Amino acid sequence: MPLPTNLNWNIPSSSTRVILVRHGQSTSNAEKRHQGSRDDSVLTEKGRITAYQTGLLLRELAINTLYVSPLQRAQETAQEIMAAIATETEPLPTVITHPALKEISLAQWEGLPYQVVRSQFAEDYRCWKEHPEQFQMRFDAEDSLPQNGALTVASPAECRFPVLELYDRAQQFWQEILPLHAGKTLLVVSHAGTNRALLNTALGIAPSRFHALQQSNCGVSILHFPNDLQQPTCLELINLTSHLGEVLPKLKEGKQGLRLLIVPANQPDPDSVRSLANRLETVEIDFSLSSDLDRAQPIVEQLLQTHPNTVQLQVMRADFPQAWQPMLKSRCPPMRSTEALANRPLTALVVVQPAIALQLLSPLLEIHPQHLHLSPNTLSVIHYPQTSNSPVLQAMNIT
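Residues numbered from 1 in each chain as written. Predicted model: local features only at pLDDT ≥ 70, side-chain atom pairs only at ≥ 80, totals over all residues. Heavy atoms only, no water.

1. Quick notes on the overall build of the protein
Operational definition: Each helix is a run of H or I in the DSSP string that is no shorter than four residues. Each strand is a run of E no shorter than two, and both are numbered from the N terminus. The buried label goes to any residue with under 20% of its type's maximum accessible area, the exposed label to any with over 50%, and the partly exposed label to all in between, with areas taken from a 1.4 Å probe on protein chains only. Whether two residues are in contact is decided by their heavy atoms, any of which lying within 4.5 Å being enough. Exposure was quantified through the Shrake-Rupley algorithm and a 1.4 Å probe, taking into account, for residues, occlusion by the shown protein chains and nothing else.
Along the backbone of the protein there are 11 helices and 16 strands. When burial is assessed residue by residue, the protein has 54% of its 399 residues classed as buried. In the protein, the proportion of contacts linking residues at least 24 apart, taken out of those at least 6 apart, comes to 74%. Of the accessible surface of the protein, which amounts to about 17100 Å², a share of 50% is contributed by carbon and sulfur atoms.

2. Let's talk about the packing of helix 2 (residues 45-58) against helix 3 (residues 72-85)
Quick note on the threshold: The axes used here are C-alpha line fits, helices contributing only the stretch in contact, and every angle between their N-to-C directions lies in the interval 0 to 180 degrees. Any angle from 65 to 115 degrees is called roughly perpendicular, while one under 35 is roughly parallel, one over 145 is roughly antiparallel, and all others are oblique. Helix crossings are classified by the rotation of the near helix relative to the far one: an anticlockwise turn of less than a right angle makes the crossing left-handed, while a clockwise turn makes it right-handed. Only Asp, Glu, Lys and Arg are considered charged, only Ala, Val, Leu, Ile, Met, Phe, Trp, Tyr, Cys and Pro nonpolar, and every remaining residue, Gly among them, polar.
Between helix 2 and helix 3, whose axes approach to 7 Å, the crossing angle comes to 45 degrees. By the angle between their directions, the pair helix 2 and helix 3 is classed as oblique. Between helix 2 and helix 3 lies a crossing of right-handed hand. Of the residues in helix 3, those touching helix 2 at Arg48, Ala51, Tyr52, Thr54, Gly55, Leu56 and Leu58 are Glu76, Thr77, Glu80, Ile81, Ala83, Ala84 and Ile85. Class assignment of the residues belonging to the contact of helix 2 with helix 3 gives a composition of 8 nonpolar, 3 polar and 3 charged.

3. Focus on the packing of helix 6 (residues 162-177) against helix 7 (residues 192-203)
Between helix 6 and helix 7, whose axes approach to 9 Å, the crossing angle comes to 65 degrees. Between helix 6 and helix 7 the crossing geometry is right-handed. Here Leu166, Tyr167, Ala170, Gln171, Phe173 and Trp174 of helix 6 lie close against helix 7, whose contacting residues are Gly193, Thr194, Ala197, Leu198, Asn200, Thr201 and Ala202. Residues that form the contact of helix 6 with helix 7 fall into these classes: 8 nonpolar, 5 polar and no charged.

4. Observations concerning the pattern of salt bridges
Stated formally: Any carboxyl oxygen of Asp or Glu that lies within 4 Å of a side-chain nitrogen of Lys or Arg is treated as forming a salt bridge with it.
For the structure shown, the criterion picks out 10 salt bridges. Arginine 48 is paired through a salt bridge with glutamate 80; the nearest N and O atoms lie 3.1 Å apart. With arginine 48 in helix 2 and glutamate 80 in helix 3, this pair connects stretches of sequence that are 32 residues apart. Residue glutamate 253 is joined to lysine 129 by a salt bridge in which the shortest nitrogen-to-oxygen separation is 2.9 Å. Placement of glutamate 253 in the loop between strand 10 (234-240) and strand 11 (257-264) and of lysine 129 in helix 5 (residues 122-130) is noted, with a sequence separation of 124 residues between them.

5. What about the layout of surface pockets?
As a reminder of what qualifies: Buriedness for pockets is judged along seven lines, at least five of which must meet protein on both sides within 12 Å for an open set on the 1 Å grid over protein atoms alone, while cavities are sets there where a 1.4 Å probe fits but cannot get out, and lining residues have an atom within 4 Å of a point. Grid points are joined across faces, edges and corners, and a volume is the space filled by probe spheres set on the points.
Estimated volume of the second largest pocket: approximately 310 Å³. Of all the elements in the fold, those that place two or more residues in the lining of the second largest pocket are helix 6, helix 7 and strand 9 (220-226). In terms of residue count, the dominant contributor to the lining of the second largest pocket is helix 6 (3 residues). Here the lining of the second largest pocket is composed, by residue class, of 9 nonpolar, 7 polar and no charged.

6. Some remarks on the nonpolar core
Here is the rule we go by: Throughout, nonpolar core names a set of buried Ala, Val, Leu, Ile, Met, Phe, Trp, Tyr and Cys residues whose side chains join them through atoms within 4.5 Å.
Grouped together as the largest cluster of nonpolar side chains are 60 residues, with contacts concentrated most on Trp128, Phe173, Trp174, Leu223 and Leu365. Once you skip the residues sitting within four places of it in the chain, phenylalanine 173 turns out to touch Tyr67, His98, Ala100, Leu101, Val188 and Leu198. Ala265, Leu280, Leu349 and Leu379 belong to the second-largest nonpolar core, a separate cluster that totals 40 residues.

7. Here's the deal with unusual backbone geometry
Unusually for a residue other than glycine, cysteine 218 sits at a positive phi of about 60 degrees. By the secondary structure assignment, cysteine 218 is in the loop between helix 7 and strand 9. For cysteine 218, a relative accessible area of 0% corresponds to the buried category. With a phi angle near 60 degrees, glutamate 366 is a residue other than glycine that sits in the positive phi range. Relative to the helices and strands, glutamate 366 is located in the loop between helix 11 (354-365) and strand 15 (379-385).

Now the structure itself:
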């Protein structure tokens, strides 16, 4: 599969591009068990195939160095990616195993099924999901946590803050490796929690929003770090999974709730809009919201050509993200209870000016819009889970 053409894949010499990939499906993923920093989980056959597909996606890029977690599932993913990008003429990137890229340590939960943790550690799990910056876990003497790239043994029954320690580890990783690779393209193969911490520390997203960015198996995300430290780090792409045959990233926080499919109404490119329309053809869209009739409405009409029953709404208020989002969330519960929405979220297509699209995305992450780059004729996806007050950015700038 070729690289999406809507995105700027040509890295400027004044910045460093970092591509982050979560490992492929592991045996623990398939068994729905918590993994953490345990290393007894390996890739499934599906995991190996999707890792190789990810390498095929990235083979057109001149990757200088690949940093990889020491855990088996990440190592195997990196091996499949390297096999896919190998050519007879171009040298392979240097591969460096880095201990700071290990997954978050959740010693008491590791190896347990998700449902067991939710029921047996209900209060702790609620804190983990709703207040990750306050989440604590006891570590016995035999448990070890990465600190400053090394392993240290915790004292008996010591309570620690796994998310905050993961943030510290991610920040130290950036401080160590970025000065070594100015103007280069790096690939990082790691884990869902570690990748979120890397993204969040790079962009200044607080630990309280640790769960706000989805990282799917073999999902691709991209950061641009300017060499001029006065300029903001920019998020170019989040959780691209179309190379794996997914129309939209799979829902991780339950199948119900509200899902927004956001398309910035730039000057439309007919071919790109047609491609996006083909992508959305199989997605059930309940209603659309649009503004700026001159630009947005033609895009809406083309995207909904195969959705004749979708209700189309137009909003002219410049502040409508602030005005209609609470209203939509308050109206979702009775609509979600219908049989048609029992196994999927209420889905809205939102076609708006790029500045308004940024007003939807940046508050979700609690960062300044200058950190987000919206590419024309791409799709960003926000999920408001039924069981949580915290929205999740499932994807940004996917095509």
